[in-house]
Amino acid sequence: MKYILRFSLLLFFLQSFFFNLSAQLLGGGEVHGSFQTDGQLYQKDSVIGAESIAEKVAFNSFFEMRYINKNFEAGMRYELFMPPMQGYDVRWKGAGFANKYVRYNGEKLEVTAGNFYEQFGSGMILRSYQEWNLGFDNALNGVRVKYKLKGLTITGLVAKQRFYWDLGPGTIRGVDAQVSLNEVIDKLKDKKTRIGLGGSFVSRYQTDQDPLYVLPENVGAFAGRFEIYRAAFNMKFEASGKINDPNASNNMIYKNGNAALLELGYSKKGFGMTLQAARADNMDFRSNRASSGFDLPISYIPAMTAQHAYSLAAMYPYASQANGQMGLQANIFYKIKKGKTLGGKYGTNININYALSQSIYKQAINDSTYIGQNGTLGYETDLFKIGEDRYYSDFNIKVQRKLSKKWDVSLMFMNVFYNMLINEGHQEADVHANIGIADIWWKYKPFNSLHFEIQELVTQQDQGNWSSVMIEYNRKGLFAAVIALYNQGISGQSDPVLYPSVTTGYTQGANRFSLSYGKQREGILCVGGVCRAVPAANGFSITINSSF
Amino acid sequence: MKSKLNLLFLGFLLSIFALSSCDKVEPPYMLSNGNIISGDTVRKIFFEDYTGHKCPNCPQAHKILEDLKVVYGDRIVVVAIHTGFFSMTSSAPWDYDFTTSDGEAISAFYGANSVGLPKGVVNRKKVNGSYLIDRAEFATAVSLALDSTPLLPEIYIELDGTYHSLDSTISVEAKMTALSDLPSGKYNISLIVTESEIVKPQKNTDASLGTTPEILDYHHEHVYRAAINNPWGEEFANSTISNGQTFQKSYTNFKIGADWNPSQLHLVAVVYYADGANEKQVIQAQQIDL
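My aim in this report is to walk through the structure given alongside it, one point at a time. Keep in mind that this is a model prediction, so the values were computed, not measured.

### Comments concerning the overall build of chain B
Then step 1. What chain B contains, in helices and strands, is 4 helices and 13 strands.
Then step 2. Viewed in the frame of its principal axes, chain B has a C-alpha envelope of about 95 × 55 × 35 Å.
Then step 3. Buried positions account for 50% of the 290 residues belonging to chain B.
Then step 4. When contacts within chain B are restricted to residue pairs at least 6 apart in sequence, those whose partners lie at least 24 apart make up 73%.
Then step 5. Surface accessibility of chain B: about 12,900 Å² in total, with carbon and sulfur atoms responsible for 53%.
Then step 6. One finds the centroid of the 22 positive side-chain charges in chain B at a distance of 9 Å from the centroid of its 33 negative side-chain charges.

Here it is, written out as structure tokens:
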């Protein structure tokens, strides 16, 4: 505890120092940045399966700063994992300037050297990003040039990817063009219909030193996209492909890969809907063919499912399957106007969401080859045939109504199906769960509120039923919460376990400080279908973040 | 007009780029056997295969090692160390315990007991900053260790072992001969007993290798049984070593386990740097059948 306080004081000091520096010293330029520290004290708790660590306390921390002066920009990010918090890859251990770049940002030309993040289209063949809470960073390290003309942006890059404190072995070369037809073609200039087109190509080079396989050293992936907007309607279509890329994740098969995404949307005041359909087949693309898991992805195939914030709703999240999935998602938002019978005094918001993900259809290429056999073309498939295995489904409905100036209530129901083998990799019964949530805010006087959250998850599988109750007190930037999470267990298999915790924190402007003490359950955290396991923990944890 | 020209130019650039940076591979996708180089004074590598009977992807790793044996013959000395979550026992038929305290000691050093399996360690040398490698890296790592290094090893190991059926013991004699000068430092020899053809169940996901989700009569090969002279071996030199210098180590009365099959036992010797910049790195490995 003493360490945490001492460390946080030091960090606050550092932050205010840089804040002053940014305000005073650099005439003509601007300094921006952000900073975060997460710390956790680990105590052994055999009831929940929490382990202690040799260092007792683990810290993940970063501090990033960018300097912008006219067309020039430079930035760096220092990261510290001493040691990484449990659940983060142990290869993060260490500290140093993990991200450094310089950039010239001219009217037509933008040049970046060093580390940068980039995404072509929806990211199907290239997406480089950082997600601090996942412990994920596949930053590119190289040179990127963007050439911006009227209605046309061309991007070219050559880079390697960040691999913890090193670089991945493959070299990535990519080009992308994005065109706004309304700006390029004069006749379309004033039309209400807006059309965008894009195309990209990405190639990975990695040497072949494998004595067993003939491997492609250059693997290319390509994608095209089309977007159209007109008043309340919009449509987006994107398709991509990849040539033979035998790799660890596809069991060394030589089949080509492909993926497609279609999105239709309609929105007006008080009503909105989106429909999405997507399919991915053998599209896991990395800058090291031997990598798997979090390591060195170039492509990004998102999970087309709602991302839930409530803890029990987020208990069984879907992990996107780039090598084979077919999914659908529909989302409808409707606001019942105030004054109507069902609308109440302030109106009522209803949100209905359904997502389904299935396997793709696969059949053997011939009688002597198994489906997915290494060193072969793997399998044959049919674009429009749905596979037999259900990976995930989620139906949820959320109703939110402000009852009065003081009371605001949200109710949610969710039904989820979760394929254990696909999402967690072990042969256990698939989970069918129903979840009910009530979220109530009571603003009993100005700047003061109480927040109640009651959640219940009912299932016969995995660890059985869960309940969670939270009471939170808010006063201006200050908050304090007590959470009791309870697992009933499954009779004859597992015992009931209570996970109590308390959290308090303070937010002022762009600075936030929070401190928690209690038990954290073992679980899975996903952002955009990219997931990591979170081990059980017992002890203090601290988070400080700030931006300037 | 100018924009259209730009578009055309871009299309042209893209197509050149696309065509020039794709390698389309035509079948056959797998290479046929290489020319096996054999002999006792050739470099051999030590491959630790971290595995478990409940590890569904481990048969695939074993298959890669088998394929590599076809290419490299006895230049790969494999020991299969059962460890971690996937090696746990449960009700029959998963009640046979393949783990050993010696094997766990080594596994824990690499952290192989707490990660997903299969994993491998080649010559106790890091690959891309990590000792543990995934099965997709096995072949390349073995090739780098064997094809990118001189054929003649720095030390040659002559190994002699006898099984005494009267008292179920093993006696071993290992003679190390330096084939080049080696810098000052500590040098260890580690002696291990492995066993093949242990027929027990194994989880499996690959239908081309057997039944899924389990193969009840799986043949477990090169299973790490015990260390003869403690898990990390024993020092045989702590000095500079000059070309031609020889060292000898003998062990007797090593009692084999009650359920080991003496006719399927192998004796493995590993000589490695025990300190300095190359600490733990294997210099030479050798295997004989008992």
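Next, the rest of the story.
### A short note on the interface of chain B and chain A
Then step 1. Chain B puts 34 residues into the contact, and the matching count from chain A is 40 residues.
Then step 2. Summed over both partners, the interface of chain B with chain A comes to about 3,400 Å²; 66% of that surface belongs to carbon and sulfur atoms.
Then step 3. Remark: the boundary between chain B and chain A carries 0 salt bridges.
Then step 4. Scanning the region where chain B abuts chain A turns up 10 residue pairs in polar contact (both at pLDDT 80 or more).
Then step 5. Of all the secondary structure elements, the ones that give two or more residues to the side of chain B that touches chain A are helix 1 (2-20), helix 2 (58-72) and helix 4 (135-147) of chain B.
Then step 6. The element best represented in the side of chain B that touches chain A is helix 1 of chain B, accounting for 7 residues.

### Re a positive patch on the surface
Then step 1. On the surface, Lys 268, Lys 269, Lys 335, Lys 337, Lys 338 and Lys 340 of chain A cluster together to form a positively charged patch.
Then step 2. With respect to the helices and strands, Lys 337 of chain A occurs in the loop between strand 17 (324-336) and strand 18 (348-360).

### Here's the deal with the pattern of salt bridges
Residues and elements named next belong to chain A.
Then step 1. What the rule picks out here adds up to 28 salt bridges over all chains.
Then step 2. The partner of Arg 91 in a salt bridge is Asp 295, with the nearest N and O atoms 3.1 Å apart. Of this pair, Arg 91 sits in the loop between strand 3 (72-81) and strand 4 (94-105) while Asp 295 sits in the loop between strand 16 (271-281) and strand 17, and the two are 204 residues apart along the sequence.
Then step 3. On the basis of relative accessibility, which here comes to 33%, the residue Arg 91 falls in the partly exposed class.
Then step 4. A single network of salt bridges, built from pairs that share partners, joins Glu 73, Arg 103, Glu 110, Glu 118, Arg 144 and Lys 146.

### Considerations on helix 3 (residues 101-110) of chain B
Residue and element names in this part refer to chain B.
Then step 1. When helix 3 is considered as a whole, its buried residues turn out to be Asp 102, Gly 103, Ile 106, Ser 107 and Tyr 110. The buried residues of helix 3 occupy an angular sector of 130° when the element is viewed end-on, so they sit on one face.
Then step 2. Elements that come into contact with the buried residues of helix 3 comprise strand 1 (45-51), strand 2 (76-82), strand 3 (119-122) and strand 9 (223-227).

### Description of the side chain of Glu 238 of chain A
Then step 1. Looking at the element boundaries, Glu 238 of chain A is found in strand 14 (residues 233-242).
Then step 2. Beyond its immediate sequence surroundings of up to four residues, Glu 238 of chain A is in contact with Phe 120, Gly 121, Ser 122, Gly 123, Met 124, Gly 224, Arg 225, Ala 259, Ala 260 and Leu 261 of chain A.

### Details of the environment of Val 469 of chain A
Residues and elements named next belong to chain A.
Then step 1. Looking at where Val 469 falls in the secondary structure, it is placed in strand 23 (residues 466-475).
Then step 2. The partly exposed category is assigned to Val 469, whose relative accessible area is 40%.
Then step 3. In this structure the C-alpha to C-alpha distance between Val 469 and Pro 500, which are 31 residues apart in sequence, comes to 9.7 Å.
Then step 4. Among residues more than four places away in sequence, those in contact with Val 469 are Glu 453, Val 482, Ile 483 and Ala 484.

### Overview of helix 4 of chain B
Residue and element names in this part refer to chain B.
Then step 1. With 13 residues, helix 4 should reach 18 Å at 1.5 Å per residue; the first-to-last C-alpha distance of 19 Å fits that figure.
Then step 2. Residues of helix 4 that are buried: Ala 136, Glu 137, Phe 138, Ala 139, Ala 141, Val 142, Ser 143, Ala 145 and Leu 146.
Then step 3. Check the buried side of helix 4 and you find it contacts strand 1, helix 2, strand 2 and strand 3.

### Thoughts on the pairing of strand 3 of chain A
All names here are of chain A.
Then step 1. Most of strand 3 is tucked away: 7 of the 10 residues are buried.
Then step 2. As paired strands, strand 2 (residues 57-69) and strand 3 are joined by 10 bridges and run antiparallel to one another. In the sheet register, Phe 62 faces strand 3, and the bridge partner there is Glu 79.
Then step 3. In textbook terms, the turn of a hairpin is the stretch between consecutive antiparallel strands, and for strand 2 and strand 3 this stretch comprises 2 residues, one of which, Lys 70, has a positive phi near 55°.

### Looking at the pairing of strand 11 (residues 171-180) of chain A
All names here are of chain A.
Then step 1. Of all the 10 residues making up strand 11, 9 are buried; the element is thus mostly covered by neighbouring parts of the structure.
Then step 2. Both strand 9 (residues 152-163) and strand 11 contribute to a ladder of 8 bridges, which runs antiparallel. The residue bridging Gly 156 from the neighbouring strand is Val 175, located in strand 11.
Then step 3. Taken together, the 10 bridges between strand 11 and strand 12 (residues 194-205) define a ladder with antiparallel strand orientation. Among the inter-strand pairings, Val 175 is bridged to a residue of strand 12, identified as Phe 201.

### Focus on the side chain of Asn 250 of chain A
All names here are of chain A.
Then step 1. Within the secondary structure layout, Asn 250 lies in the loop between strand 14 and strand 15 (257-268).
Then step 2. Of note is the side chain of Asn 250, whose polar atom sits 3.2 Å from the backbone nitrogen of Ile 253.
Then step 3. Within the structure, the side chain of Asn 250 is placed 3.0 Å from the side chain of Asn 282, a separation counted as a polar contact.
Then step 4. What Asn 250 contacts, discounting residues up to four positions off in sequence, is Asp 245, Asn 282 and Asn 323.

### A word on the packing of aromatic side chains
All names here are of chain A.
Then step 1. In the structure shown here, the tally under the stated rule is 34 aromatic pairs over all chains.
Then step 2. With a centroid separation of 5.0 Å and 70° between ring planes, the pair formed by Phe 163 and Tyr 164 is classed as edge-to-face.
Then step 3. Classification of Phe 163 as buried rests on a relative accessible area of 12%.
Then step 4. Pairing Trp 407 with Trp 442 gives two aromatic rings, centres 5.2 Å apart and planes at 15°, and the pair type is stacked. With Trp 407 in strand 20 (residues 407-418) and Trp 442 in strand 21 (residues 431-445), this residue pair connects regions lying 35 residues apart in the sequence.
Then step 5. Through a chain of ring-to-ring contacts, the aromatic side chains of Phe 62, Phe 81, Trp 92, Trp 132, Phe 163, Tyr 164 and Trp 165 assemble into a single cluster.
Then step 6. If you follow Arg 162 out to its NZ or CZ, it ends over the ring of Trp 165, 5.2 Å from the centre.

### What about the sheet that holds strand 11 (residues 246-255) of chain B?
All names here are of chain B.
Then step 1. Here we have 3 strands laid out as an open sheet, ordered 4-5-11, and antiparallel in their pairing. Only two strands of the sheet have a single partner each, and these edge strands are strand 4 (155-164) and strand 11. Along the sheet, successive strands turn relative to each other by an average axial angle of 10°, direction set aside.
Then step 2. Two strands pair when backbone bridges link them, and strand 5 (residues 169-178) and strand 11 are joined in this way by 8 bridges, in the antiparallel orientation. For Ala 174, the partnering residue across the bridge sits in strand 11 and is Lys 249.

Cut-off values and rules
Every chain is numbered independently, its residues counted from 1 as its sequence is written. To label them, take the chains in the order written and letter them from A, then take the ligands in the order written and number them from 1. Reporting of local features is limited, given that this is a predicted model, to residues whose pLDDT is at least 70; pairs of side-chain atoms are given and counted only at 80 or more, and all residues count toward the totals for whole chains, interfaces and linings. Here the side-chain values reflect all heavy atoms present in the structure, with hydrogen atoms and water set aside. Here a strand is any run of E in DSSP of at least two residues, a helix any run of H or I of at least four, and the numbering for each starts at the N terminus. Only protein chains enter the accessibility calculation, which uses a 1.4 Å probe; a residue whose area is less than 20% of its type maximum is buried, one above 50% is exposed, and one in between is partly exposed. Contact between two residues is taken to exist if any of their heavy atoms lie within 4.5 Å; hydrogens are not considered. Here, Shrake-Rupley sampling with a 1.4 Å probe gives the accessible areas, and only protein chains in the shown set may cover a residue. Within this scheme the basic residues Lys and Arg register as positive and the acidic residues Asp and Glu register as negative, but His and the chain ends are omitted. The atoms used to mark charge sites are NZ of Lys, CZ of Arg, CG of Asp and CD of Glu. Each of two parts loses accessible area, computed with a 1.4 Å probe, when they are put together; buried area is these two losses added. A pair is scored as a salt bridge if a Lys or Arg side-chain nitrogen falls within 4 Å of a carboxyl oxygen belonging to Asp or Glu. For the purposes of these results, a polar contact is taken to be a pair of N or O atoms within 3.5 Å, where, inside protein, one atom must be able to donate a hydrogen and its partner to accept one; residues adjacent in sequence count only when each atom of the pair is a side-chain atom. A patch consists of residues exposed above 30% relative accessible area that lack any salt bridge, with like charges linked at up to 9 Å and nonpolar side chains (Val, Leu, Ile, Met, Phe, Trp, Tyr) linked at up to 5 Å. Working note: the arc is built from the helix axis to C-beta atom directions. Every helix has an expected span of 1.5 Å times one less than the residues it contains. Strands pair, by our definition, only if DSSP identifies at least two bridges between them. Between the rings of Phe, Tyr and Trp (Trp by its six-membered ring), a pair exists once the centres lie within 6.5 Å; its type follows the angle of the planes, with under 30 degrees stacked, over 60 edge-to-face, and the other angles tilted. Counted as over-ring charges are cases with an Arg CZ or a Lys NZ within 6 Å of the ring centre that also lie within 35 degrees of the ring normal. Only the stretch in contact is used when a helix axis is fitted, and all axes are lines through C-alpha atoms; the angle between N-to-C directions ranges over 0 to 180 degrees.

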